[in-house]
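# Architecture at a glance
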Amino acid sequence: MRVRIELGPRSYDIHIGVDILPGLGQAVRRAGLGRRALIVADGNVANTHAPLAASSLHAAGVSAHLVVIPPGEATKSLASAERLYDACLDCGVDRASFIVALGGGVAGDLAGFVAATYMRGVAWVQVPTTLLAQIDASVGGKVAVDHPRGKNLIGAFHQPRLVWCDIRTLDTLPLPDLAAGMAEAVKHGILGDARYYSFVRRRQAELLGRDPRALTRLVTGSCRIKAAVVSGDEREELGLGAAGPAVGTPLHGPRMPGGGATPRSRMVLNLGHTLGNNMEAVAGYGVLRHGEAVAIGLVAAGQLALMHGLWSRRWQAELEATLAGLGLPTRIPGLALADLVAAMCTDKKAAGGTARWILPVRPGAVAVHSDVTEAEISSVLTRMGAEG
Ligand SMILES: NC(=O)c1ccc[n+]([C@@H]2O[C@H](COP(=O)([O-])OP(=O)(O)OC[C@H]3O[C@@H](n4cnc5c(N)ncnc54)[C@H](O)[C@@H]3O)[C@@H](O)[C@H]2O)c1
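Heads up: these notes are all about the structure in this document.

Rules used in this analysis
Residues numbered from 1 in each chain as written. Predicted model: local features only at pLDDT ≥ 70, side-chain atom pairs only at ≥ 80, totals over all residues. Near = placed C-beta within 6 Å. Helix = DSSP H or I, 4+ residues; strand = E, 2+ residues; numbered from the N terminus. Nonpolar A, V, L, I, M, F, W, Y, C, P; charged D, E, K, R; others polar. Domains from an automatic or database assignment. Pairing = 2+ DSSP bridges. Axes fitted to C-alpha atoms, helices over the stretch in contact; angles between N-to-C directions. Contact = placed C-beta atoms within 7 Å.

Taken together, 30 residues lie near the ligand, and Asn44, Pro71, Gly104, Gly105 and Thr130 sit nearest. Counting residues per element, the ones that place at least two in the shell around the ligand are α4 (105–117), α5 (131–137), α6 (175–192) and α11 (290–307). Partitioning the shell around the ligand into residue classes produces 9 nonpolar, 13 polar and 8 charged. The residue makeup of the shell around the ligand includes at least three contributed by each of domain 1 (2–172) and domain 2 (175–383).

Dropping the structure here:
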């Protein structure tokens, strides 16, 4: 399967298939990339999938050096980026070379950040090996490292030249990491495609059982939804004007894969992330998986939408049952309400004083709301288990 990200001169293809890793080398040659590469591989895939990726590149005449980074969110730092700049220099990476990110969202965000900044930008290729990276992190060109004061605070937009998703790499992924990726799939369904959401809800057993056909459909469906959003708002500029969109503005125009409307702003992808990202920071990076935090954030967004009369109890119950069925948390695990509220206030300042919540209005559609009060947030967080 192939999903095209249409971004004018920065357009590229996401290839999705089973056992396609051996074809990586030929694909990078077809994409016109150079003959020298640095593979940045997560430590958990260094012995399983990196050898196949490297041999495929070598067979295609690409001289590829492998650098292994420690697994985990703590690696997404400026210090790690500096070590990778050293590796680039040691291996003679120049502007005609390219970087390959092999691993989950951490490897992708970090290697992509290095590609965006080393020698003012070099080409890069993503070979995502977690579900979360295949359906979300490798689509759209956002690259970043974390700052002690916030997640993804140092970053850039730098589109890869190619994304190569081998569904087979998910066979070695621990179940909780597979489940974490499902949270982003649920998010995509709710924000843009009711039919896709229904597929995720009905096929949980096959998805968790790693049925290759079901996973291929999942990854392709999510990539199509995210591609449609990103193609319309590459740098998340729509809806971020001084006034921002009016309260309750539906964020949709025409043309979504499932026949629905395309979200007009990349902001919609923040569904479940307003609380999710802050919870990750408050818990300490690496304590909660990103997808687990997003799952809890989706429940909170649904609860707020219920409070505002936008969303029905039945849809909320369906959402919570789906997340639980996928093995995802739906309650806040032992975090203090005051810490969460304080983190969200910092976020609000960063957003120019107005926190904009993306809230579901029905399966397949969301709206932006900047009229969510601190009291409403506290009430929802308390009900969801935040400690008072
Ligand atoms: N750039 C974006 O648009 C975007 C979007 C969403 C999330 N993200 C970022 O992505 C990160 C989360 O990504 P993630 O969930 O993939 O986390 P991750 O990269 O930490 O991977 C999760 C775990 O799986 C291991 N792993 C990876 N592939 C494996 C495989 N095939 N077999 C066995 N183990 C494997 C990793 O070593 C790690 O322990 C966060 O930093 C988040 O901010 C970025």
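Strand order in this open sheet of 7 strands is β1-β2-β9-β6-β5-β3-β4, and the pairing throughout is mixed. The sheet is open, and its two edges are formed by β1 (2–5) and β4 (63–69), each paired on a single side. Averaged over all neighbouring strand pairs, the angle between strand axes comes to 15°, with direction disregarded. Pairing analysis gives 5 bridges linking strand β3 (residues 36–42) to strand β5 (residues 98–103), with the strands arranged parallel. Bridge pairing in β5 links Leu38 to Ile99. With respect to the sheet, helix α9 (residues 212–232) is in contact with β1, β2 (12–17) and β9 (162–166), its orientation differing from that of β1 by roughly 10°.

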